[in-house]
Amino acid sequence: MAGPLEGRVVLDMSRVLAGPWAGQLLADLGARVIKIEHPTRGDDTRAWGPPWLEDAAGGPLDAAYYLCANRGKQSLAVDIARPEGQALIRALAARADILIENFKVGGLARYGLDHASLKAENPGLIGCSITGFGQDGPYAGRPGYDFMIQAMGGLMSLTGEPDGMPMKTGVAITDVMTGLYAAVGILAALDERARTGRGRSIDVALLDVQLATLANQALNTLVGGQAPERHGNAHPNIVPYQAFACTDGHLVLTVGNDSQFARLASLLGHPEWATDPAFATNAARVAHREPLVEKIAACLAAHSRDDWLAAFDTHGIPAGPIHSVAEALENVQVRHRDLVRTLERDGQPVPQVANPLRFDGTTCTSEVAPPALGADSDAVLAEMGLSADDIARLRALGVVR
């Protein structure tokens, strides 16, 4: 089934995660995404292993990290530092809809490949620049990586046990969220271009996204006048909303309103908690967090995790097990939703996690595996009008792979 972005052409000149994540999302939505890579190095993440996608002989091909963010794309390996390579990019940009790049501020301008230069030939071109700190300001020239941005943007101060070291998240969540914001901006610019015919220049910064996605914690600080403390697996604004130990493991209990709490109190054999002024409302439960959590913990510690989960499900109390990544990928609901996929690249199976979006009940996940470096160079260049001899000459010069 054709995706909603069918016919749109994207030049993805980004690498690592935030930009490629945005490009993969657009590819899943039906756009043709041409990934521009250096002829010898390629995307940095191709080498970020192990684990590796292996060839038939067990040799390493691409790292799993690369495979997570480049589904559905074509790989054109071009050296943009060479005039011949720059000419190829300009020719592609002249017929493209979208440019995604994450070069340092001014990095593409020295080649004449920045959005402003390319837009002079293609006024409808939408440019999305992803950087650590944005196109202006005292930090604009600095490089930015997810871990550093989590630290500078306040997220690490919120993550971890109260008496432990501040912690990053287990996924480069700032990169992922930046990719999503970038895709939203691109789609908005496409919608506007349909009315005006003009492309936009979109500036997305990791630090900006990190601050924006602090969500309730940012407003807790602005409204309350104090920086939030770390609560480990507990929630700063809701009680009980945390992990608890059972006889054979842990579960997460997420009581979101007073009626759920009343059902929990009854199930635990203490219906009086629901009318106790210290516990009857969420605000009261937050104020009396410690004594209530101790009471709940004592009850849950008496039985097994699965027994409690079954009881919670019966009584409409939201809770869940703490799964490993492997267990999550094997979960019955995950498998029912067909979220774990296998694509094929040159006879090699390539595992993937599906795009969560569905249109009319059908997934929009691309069926094209992440490409090998330069896998589509010949096809893309031939489509641009280059002859086999032209391509061979550029390859001999090291301009393309």
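Residues numbered from 1 in each chain as written. Predicted model: local features only at pLDDT ≥ 70, side-chain atom pairs only at ≥ 80, totals over all residues. Heavy atoms only, no water.

**Focus: the packing of aromatic side chains**
So the rule is basically this: Only Phe, Tyr and Trp rings are paired, with Trp represented by its six-membered ring, and only when their centres lie within 6.5 Å; those with planes under 30 degrees apart are stacked, over 60 edge-to-face, the remainder tilted. The helix count covers DSSP runs of H or I at least four residues long, the strand count covers runs of E at least two residues long, and both are numbered beginning at the N terminus. Relative accessible area decides the class of each residue, using a 1.4 Å probe on protein chains only: under 20% of the type maximum gives buried, over 50% gives exposed, and in between gives partly exposed. Should the NZ of a Lys or the CZ of an Arg lie within 6 Å of a ring centre and within 35 degrees of the ring normal, that charge is described as sitting over the ring.
Following the criterion strictly, the structure yields 3 aromatic pairs and no others. Aromatic side chains Trp308 and Phe312 sit 5.7 Å apart centroid to centroid with 20 degrees between the ring planes, which places their arrangement in the stacked category. Linking Trp308 with Phe312, this pair stays in helix H13 (residues 305-314), spanning 4 residues, or about one helical turn. Of the residues examined, Trp308 reaches a relative accessible area of 9% and is grouped as buried. Over the ring of Phe103 we find Arg15, and its NZ or CZ is 4.8 Å from the ring centre. The cationic tip of Arg46 hangs over the ring face of Tyr66; the distance from NZ or CZ to the ring centre is 4.0 Å.

**Quick notes on unusual backbone geometry**
A cis amide bond links Gly49 to the next residue, Pro50, at an omega of 5 degrees. If you trace the backbone, Pro50 turns up in the loop between strand E2 (32-37) and strand E3 (52-54). Cis geometry is found at the peptide bond from Val239 to Pro240, where omega equals -5 degrees. Tracing the backbone through its elements, the reader meets Pro240 in the loop between helix H9 (216-224) and strand E9 (241-246). Residue Ala215 is not a glycine yet carries a positive backbone phi of 50 degrees. Relative to the helices and strands, Ala215 is located in the loop between helix H8 (206-212) and H9. Here Ala215 falls in the partly exposed class, since its relative accessible area comes to 43%. At Asp338, a residue that is not glycine, the phi angle is positive and equals roughly 60 degrees. Along the chain, Asp338 falls in the loop between helix H15 (332-336) and strand E12 (340-345).

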